[in-house]
Each structure stands twice: as structure tokens, then as C-alpha cells.
Amino acid sequence: MKKTASWLMISSLVLGLSVAPGQRALASTPRIPKLPKLIVWIVIDQFRSDYLSRYSEQFGSGGFRKLMTQGAYFAQAQYDVLQAVTCVGHAVMATGASPARNGIPINRWYNRATQKREYCAEDERYEVVGVAPSEDKKKRDQGTSPKNLNATTITDEIKTAYPESRVVAFSQKDRGAILVAGHRADMAVWQDWDTGKWVSSNYYFKDKKLPQWLQSHNDGIGKTERKPEKWEPLPGGTGTYTPNTVFQKESFAGQKKGFPYEFKPGERAYALGPWNVKELFKVSRLALNEMKLGQNPKGVDVLAISVSTHDYVGHNFGPNSREVEEITRHEDLEISALLKEVDQKVGLKNTIVVLTADHGTPPNPDEVITHGSPAGKIPTDKWVEDAEKKLATKWGQTSQKSVHGHSGYIAFAEELNFFWNDAALSEKKISKSTADAALKALLLEKPEVADVITASEILERKLPLGLLGHQVQQSFIPTRSGDVIVNPKPNFMIGGDAVSHHTGYTYDRTVPIIFMGPSVKSGRYPGGDVMDIAPTLAFILGVIPPNSSEGRVLAEALTGRSGIN
């Protein structure tokens, strides 16, 4: 028996040694898994990273809490940008690239070639599909597409690798859907502000017709008069909010200050309440079922949802309001319902869920002032008026018209970016560098201003020191960024709303990132940049990252065997 056993052991050893090296390597190579069937990508507009921790006790078990405990939770991820706004945030997360590389530095800029204002998702070659185009060009941007996005998105790369994958995106804002959907999406759908119906662009629907299931849903919105709605707080609450009756100067959509809010049918305020969060997730679940997303045998489907209602509420009240806490709790309920349905139809074991935000938001300056800290609003129109008077005194009056229709040296000013009227400078034979220096000096006199950066200085590599200089380098695009850009002091923001976000300060750039699903290692992690989302998804899916991607794979949040299961 001993001889037999010894002989078997020796035989096994010899046979093992005789296996070709390639075969031995194959035996030890990690198993490459099958692809997930579905990516569910949830973006919440103006969602500060601390909302998840501050309101955690108010969440149920199936929404935010599920993602936080079962997913890889980057609690304080950041944007590496000069100005954190909606277009910028969606472009960065989808492309994995900085604004300087993806083409989207701000929401709107001055097109020097056409001498008109240009919107990040604007494309005059197309028109809205789902409702009649508006005759009032100021009411909304008419034609839209991802034309201004100069880089591919992770969804584009998924479609390249797996052409039969289906990519659909929904948002209350067109830019929230279009920029994540990318150039090759099957559909990007957003909400018409006036009617509440879901619309798109003939960039996606060449025949100018919405799919029947979506048209039927719209018909229901149009035929059935929406009932009056009352927004009252949910039971419970943290009790840590600041009453808006103290700090909110203006009423909310014509309402009295404080809960309950009551809205009548047809009012635009329908977009501002929790029922619109419910409507967004309702139409997203409709797409999940009607298009059988996640049941595609030849690809990886993507369902992207960008929740703009949160931004509307945030602008009206600020991050310490009960209204923001309440809308967050409603989002939790809807995310829970969505994940439950995805689990039933596709299986969460077959689904990668991503949660993030396009930007954060500062505290309400009215509240900051009560604590003894400097804060306030920036009167951009007054700045332009003052500057025009002083420049006219310095250089003489100009007859050249600005984009606003009046004569002036400043053609356009928005989001702390100031664009020169090139015709006026040419008329007076004033160089750009001279003009830049003159306006910079005037703006630095303003008490709200911390820094002023000019295009002339940037092009000469004369950047501010530290983080600000890096943010400028990451965000500046000569053809789209302002000739003169203001960086305000902390807690100073553009006037109009209760709060407004337009900076690279921590309150504007810090957001959560959560991945949940197969190949993800649950835990709470430090660090993370929003541009890491796209390359991390690319690694999980085994596709090439977007063509201008600069982010890294968040390897620490992925399971073993080369980071995949």
C-alpha cells in the first residue's frame, strides 16, 4: 500500500511538471466574470456630501442607507474644478476628464464667433420633441444635443464595445440628461418646465416622435388635470434645521413662508415639490420595464437619473433648511422603490449602482452673517454697470453693442465670467491684455472679491499659487471661459437665490460617491475624485475609458482577483 501511494504521488508530480507553462498560468489566472446586466446611475443635483451623514437616521433601509452600508462609500469625494455647476459636474463625471479637456467650463458662455450667449447643451440644428417649440427664445433653450462635449463619455465607450447596449437618461433638466447620456445614447429625456411633460431632442429621435409608452405617459399628464398638492413634512426629522421664516427673504414660488406649501394645478412650482421627485422616478421605472433594461443578452444597459428638484429646493432655501432635509428623505423613498424593482426585474447581484452629485452648495449667507462671519451676495449687474462707466471714462464711449443690446465694452457677463466686446476693443485699439488688466483692477476693488484671473495671465502661465492655480489650469478653455474670471471670497455668491454655487471652495466641490454591486468592496473610504467614476466603471466593465479620461480606477473599492469577481 505504501509503495502504491508513493507511486501515485510521484506520478502526479511528474504529470504536473509536464504541463505546458501556458497551461499552468491559465490554471492560476483569476476567473473573468460575466458582465453586469445593468448600470443604474443616480445623480442628485446640488447634493452636498454631508447630507448623507446628517440625515442618516431619517433614512429607511432600502435607499441611501442600503447604498451607504452595502456599497463602497466615498463620503467626501471632490471636484477638481474652478466653478462647480451643473453642466460642469455632469460632464466631468461622464467623461472622467477635467473641464479643460471635456469642453464644458461653465453652464453658459459667450460665443465670440456668433457673438451670442451659448448654453452647454445648446445645438440650434435640433428642436424639442414632445411639445411644440416655444416662440419665446428666452423661455428655454430650443435645440439641444451633446455637441459642446468635446470628449467621449463612459456611456459612449459602453456602446462602442457593446453596440446593442441601451443607454437612457432622465432628468428634470436637459443638461442633466444629455451630458451623462453622451453622444451615442438611445435617448435622453427631460421635463418641459411649463407642461410637466417629458421631452427630448430630434438628435435622439430622428423622426421627431417619442416612443409610444412615453407619449402615452405624457398624454396622461396632459389629459388628467393635476390635483392641488400640499407639501407637509414627513413624520420625524432631525430638528437641526434653521427655520426658513428667519433666513428666507422671499416666498417659495409665491407661497407663504414655512410648511405646509400648497400648489395649484398648472403652477411651475410642481417642479419644486416632492411629487416631482416621484414623477421622475416613476418615468424612469417605466423605461426600465418598457425597454426591459437589464434583460439584454448582448450588452450592458444604462439607466441614468439626474434629480434636479433637489437643486431647485436648495437654491430657494439653502443646505440648513428643513425643506432640503425633507426633499432628501423623499429621494430616499424613491431610490428604495427603484432598487426594489431593479432587484425584482434584473437582480441587484447583476447591477452596478452609482450615486453621486454634480456639485454641492454653500451655506445661506444670511445665516452665516448671524454667526459673525463675513458673507453676502454679489451684484453682477451692478459690477458691469460700474465697470462700463469707468471704462468709458478711461477709453471713451463705444458704439459697439453687447449681447444684451446696449453699447459697452463688456459683451457678456455670467457666472463670474466677463467677456469682452471684441469690436469695442478693436474700435478703440485696445489690446486684450490691457483690457484684462484694467477690468481686473476695477474688480479687485470690490469687497466681495478674493481673486481675479485673466485670460492674458493664464495664457502666459501666470497662474495663482496653490489650489486655485491648479483649478484654473483644470478648467480654463480659451474659446469658452471668460476673459476675466472672479473668484469671490468664501461665502459670497451671486445674488438672486437664497444660495448659489459657482466656486471651487469645499462646500461647492465636495460630494459623495457610492458604488454598489458585483465587484465592489463595501466600506467607507477617504478621498475620491468625481472624474474617477468613469475609469472605474470602465475597468469593471472591461471597456476603454473615455478618450480624454484623466481619473484613476478606485481600486481600493474593488474586490480581489485583479479587482473583479
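For the structure itself, look to the data block above.
Draft legend 1. Structural view of the sheet that holds strand β14 (residues 410-414). The four strands lie next to each other as β14-β15-β17-β16, forming an open sheet whose pairing is antiparallel. Two strands in the sheet have a free side with no partner beyond their single neighbour: β14 and β16 (449-454). In this sheet, adjacent strand axes meet at a mean angle of 15° when their direction is disregarded. Note that β16 and strand β17 (residues 484-488) share five bridges and pair antiparallel. Of the residues in β17, the one forming a bridge with Asp-451 is Asn-487.

Draft legend 2. Broad picture of unusual backbone geometry. Across the junction of Phe-259 and Pro-260, the peptide omega takes the value -5°, indicating a cis bond. For Gln-46, which is not a glycine, the phi torsion comes out positive at approximately 65°. Following the sequence through the fold, Gln-46 ends up in the loop between β1 (38-44) and α3 (50-54). What makes Gln-46 buried here is its relative accessible area of 0%. One non-glycine residue with positive phi stands out, namely Arg-461, at about 65°.

Draft legend 3. Representation of the pattern of salt bridges. The final tally for this structure, using the stated rule, is 27 salt bridges. Taking the shortest distance from any N to any O, the salt bridge between Arg-552 and Glu-556 comes out at 2.7 Å. A relative accessible area of 38% means that Arg-552 is categorised as partly exposed. Beyond isolated ion pairs, a larger network of salt bridges with shared partners links Arg-112, Asp-422, Lys-432 and Asp-483.

Draft legend 4. Looking closely at the packing of aromatic side chains. All told, the structure shown has 18 aromatic pairs when counted by the stated rule. A centroid spacing of 6.3 Å and a plane angle of 55° characterise the contact between Trp-395 and Trp-420, whose relative ring orientation is tilted. Placement of the pair is Trp-395 in helix α15 (residues 380-395) and Trp-420 in strand β15 (residues 417-420), with a sequence separation of 25 residues. Trp-420 shares its class with Trp-395; the two are buried. Through successive ring pairs, a cluster of aromatic residues spans Phe-47, Tyr-51, Tyr-55, Phe-59 and Phe-64.

Draft legend 5. Up close: the nonpolar core. Membership of the largest hydrophobic core comes to 122 residues, with the highest contact counts inside it found for Trp-41 and Phe-170. Residues in contact with Phe-170, not counting those within four places in the same chain, are Ala-177, Met-187, Val-189, Trp-213, Leu-280, Val-283, Ser-284, Ala-287, Leu-303, Ala-304, Ile-305 and Ser-306. Ranked by size, the runner-up nonpolar core spans 26 residues in total, among them Val-384, Ala-387, Leu-391 and Ala-413.

Draft legend 6. Focus on the environment of Ile-42. When you line up the elements, Ile-42 lands in strand β1. Linking Ile-42 and Leu-355, residues 313 residues apart in sequence, is a C-alpha distance of 4.8 Å. Setting aside residues up to four positions removed in sequence, Ile-42 forms contacts with Ile-305, Ile-335, Leu-338, Val-354, Leu-355 and Thr-356.

Draft legend 7. Looking closely at the pairing of strand β19 (residues 510-516). Where burial is concerned, most of β19 is hidden: seven out of the seven residues are buried. Relative to β19, strand β2 (residues 72-78) is paired through five bridges, and the arrangement is antiparallel. Within β19, the residue paired with Phe-74 across the bridge is Ile-513. Taken together, the three bridges between strand β12 (residues 351-357) and β19 define a ladder with antiparallel strand orientation. Bridging across to β19, Leu-355 finds its partner in Ile-514.

Draft legend 8. Representation of the state of the cysteines in the model. Scanning the model with the defined rule gives one disulfide in all. Covalently, Cys-87 is tied to Cys-120 through a disulfide, its sulfur atoms 2.0 Å apart. Its S-S torsion of approximately -55° makes the covalent link between Cys-87 and Cys-120 left-handed. With Cys-87 in helix α5 (residues 86-95) and Cys-120 in the loop between β4 (116-119) and β5 (128-129), this pair connects stretches of sequence that are 33 residues apart. The class for Cys-120 is buried, based on a relative accessible area of 1%.

Draft legend 9. Molecular detail of helix α7 (residues 154-161). Counted residue by residue, α7 has six buried out of eight residues, so it is predominantly covered. Along α7, the residues that are buried comprise Ile-154, Thr-155, Asp-156, Glu-157, Ile-158 and Lys-159. The elements touched by buried residues of α7 are β1, α5, β6 (167-171), α8 (174-181), β11 (301-307) and α21 (533-541).

Draft legend 10. Local environment of the sheet that holds β1. Strand order in the open sheet formed by ten strands is β5-β8-β7-β6-β11-β1-β12-β19-β2-β20, with mixed pairing between adjacent strands. Edge positions in the open sheet fall to β5 and β20 (523-525), since each of these has one partner strand only. Across three bridges, the pairing between β2 and β20 is parallel. Paired with Phe-74 across the bridge in β20 is Tyr-525. Here α21 sits on the sheet and contacts β1, β12 and β19; the angle it forms with β12, its principal contact strand, is near 175°.

Draft legend 11. Quick look at helix α19 (residues 466-475). Residues of α19 that are buried: Leu-468, Gly-469, Gln-471, Val-472, Gln-474 and Ser-475. Buried residues along α19 sit against α6 (99-102), β16, α18 (455-459), β17 and α20 (506-509).

Draft legend 12. Looking closely at the packing of α15 against helix α17 (residues 432-443). Viewed as axis vectors pointing N to C, α15 and α17 meet at an angle of 130°, and their least axial separation amounts to 11 Å. On the basis of the axis angle, α15 is oblique to α17. The element α15 and its partner α17 pack so that their crossing is right-handed. Contacts between α15 and α17 involve Trp-383, Ala-387, Lys-390, Leu-391, Lys-394 and Trp-395 on the former and, on the latter, Ala-435, Ala-438, Leu-439, Leu-442 and Leu-443. Across the contact of α15 with α17, the residue classes break down as nine nonpolar, no polar and two charged.

Criteria and cut-off values
- Residues numbered from 1 in each chain as written.
- Predicted model: local features only at pLDDT ≥ 70, side-chain atom pairs only at ≥ 80, totals over all residues.
- Heavy atoms only, no water.
- Pairing = 2+ DSSP bridges.
- Helix = DSSP H or I, 4+ residues; strand = E, 2+ residues; numbered from the N terminus.
- Axes fitted to C-alpha atoms, helices over the stretch in contact; angles between N-to-C directions.
- Buried < 20%, exposed > 50% of the residue type's maximum accessible area, 1.4 Å probe, protein only.
- Salt bridge = Lys/Arg side-chain N within 4 Å of Asp/Glu carboxyl O.
- Phe/Tyr/Trp six-rings, centres within 6.5 Å; stacked < 30°, edge-to-face > 60°.
- Core = buried A, V, L, I, M, F, W, Y, C linked by side-chain atoms within 4.5 Å.
- Contact = heavy atoms within 4.5 Å.
- Disulfide = S-S within 2.5 Å.
- Parallel < 35°, antiparallel > 145°, perpendicular 65-115°, else oblique.
- Left-handed = near helix turned anticlockwise from the far one by under 90°.
- Nonpolar A, V, L, I, M, F, W, Y, C, P; charged D, E, K, R; others polar.

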